[in-house]
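Residue strings, one per chain:
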Amino acid sequence: MHKPKLVAPNIYLLPALKPSAHCYLIRGEKNTLIDTSIKDYRDHIVQQLASLELTLDDIDDVIYTHCHHDHTGGGELFPNATIYAHPLCAFKLRYQDENCIHSLKYQLPLPAHLPDKLLEEGDTYTNGDYSFTVIHTPGHTDDSICLLEKNHKILFSADTVFVKGIPPLITDSGSIGSLIYSIEKLQQYDIELILPGHGPLEKNVVECLIKLKENLIKKIAQDNKKTIEEAKKWQKSRY
Ligand SMILES: [Zn+2]
């Protein structure tokens, strides 16, 4: 078992079982989980919490960073938790918008524990010494949020930013242009530690965001070139 890793005071990384996402636990006056992984990984999550002397019932709040099933599918494991999410995420989950959630395509049930409270741009969520500001960061999806702790300079980046500026997938509701907008938004803040939804943590934040933006601009150029080639082929095949 991968053990929970203390990544900042009272913040634990509960490492992912691949291909699902990491969870993060914040221990303060309450126990907050950021993302839930999937329901099938119940035993893994139970063991990780047990090593911190916690049970599934001890989780008070859960924050979904976006609607994807690998971040929200485990929500029902936490019956006592109040669930927080961006309104766009909440609506997709409420109306079971599989095109965006991606549960059924992996033969998994749609997330069943729906958001109770909404988190919008600029809202704050507090637990103990930490106060997180919600930053709406469309790109990977249109409902993605990052959580920024301004005093401790920590960012929960979910699937918006990965280590070394590796671009995330741009999925059904997202776009590269939106993601560049979100990166520029994040570049306005003083951040020293990025805690992503997948993969290793990132401490070289400035370089990481510059690299990510460069990679995305290159990707647009590549995609456009490909589209031009395909359009030429299509034109030829017509005549
Ligand atoms: Zn995702």
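Bear in mind the structure is a predicted one, so any value in this text is a computation, not a measurement.

Caption draft 1: Expanded view of the coordination of the zinc ion. In the first shell of the zinc ion, the protein supplies H66 (NE2), H68 (ND1), H140 (NE2) and D159 (OD), at 2.1 to 2.3 Å from the metal. Its 4 donor atoms give the zinc ion angles of 90 to 168° at the centre, a pattern that matches the irregular case. All donors of the zinc ion come from a single chain, and their spacing in sequence reads H-x1-H-x71-H-x18-D. Taken together, the residues span a long stretch of sequence, with H66 in the loop between β5 (61-63) and α2 (69-72) and H140 in the loop between β9 (130-136) and β10 (145-149) at a distance of 74 residues. With respect to burial, H66 and H140 carry one shared label: buried.

Caption draft 2: Region of interest: the environment of K5. Structurally, K5 is set in strand β1 (residues 5-8). When the C-alpha positions of K5 and L25 are compared, they lie 9.9 Å apart, and in sequence the two are 20 residues distant. Not counting residues within four places of it along the chain, the set of residues in contact with K5 comprises I11, Y12 and L13.

Caption draft 3: View of unusual backbone geometry. One non-glycine residue, H102, lies in positive phi territory at about 65°. Structurally, H102 can be placed in the loop between α4 (98-101) and β7 (117-118). When its relative accessible area of 13% is taken as the criterion, H102 is described as buried. Positive phi outside glycine occurs at K153, with the angle close to 60°. Turning to its location among the elements, K153 is positioned in the loop between β10 and β11 (154-158).

Caption draft 4: Expanded view of the nonpolar core. Residues L25, L33, L49, I59, V62 and F78 are the most contacted members of the largest nonpolar core, which totals 24 residues. Looking at this core, the elements with two or more residues in it are β2 (11-14), β3 (23-27), α1 (42-50), β6 (82-85), α3 (87-94) and α4. The contacts of L33, once residues within four sequence positions are left out, are L14, C23, Y24, L25, I59, D61, V62, I63 and F78. Membership of the second largest hydrophobic core comes to 20 residues, among which are I26, I34, Y125 and L195.

Caption draft 5: Representation of the pairing of β1. Strand direction decides the pairing type here: β1 and β2, joined by 3 bridges, are antiparallel. Paired with L6 across the bridge in β2 is Y12. Counting the residues in the hairpin turn of β1 and β2 gives 2 residues, including N10, whose phi is positive at 65°.

Caption draft 6: Highlighting helix α5 (residues 176-186). Looking only at α5, the buried set comprises I176, L179, I180, S182, I183, K185 and L186. Buried residues in α5 make contact with β9, β10, β11 and α6 (205-238).

Caption draft 7: Spatial organisation of the pairing of β6. Relative to β6, β5 runs parallel, the two sharing 3 bridges. Looking across to β6, one finds that V62 is bridged to I83. Pairing geometry for β6 and β7, over 2 bridges, is parallel. Following the sheet pairing, A85 is matched in β7 by L118.

Rules behind the numbers
Residues numbered from 1 in each chain as written. Predicted model: local features only at pLDDT ≥ 70, side-chain atom pairs only at ≥ 80, totals over all residues. Heavy atoms only, no water. Donors = N, O, S within 2.8 Å, 3.2 Å for Na, K, Ca; no water. Tetrahedral: all angles 85-135°; square planar, octahedral: opposite > 155°, others 65-115°. Helix = DSSP H or I, 4+ residues; strand = E, 2+ residues; numbered from the N terminus. Buried < 20%, exposed > 50% of the residue type's maximum accessible area, 1.4 Å probe, protein only. Contact = heavy atoms within 4.5 Å. Core = buried A, V, L, I, M, F, W, Y, C linked by side-chain atoms within 4.5 Å. Pairing = 2+ DSSP bridges.

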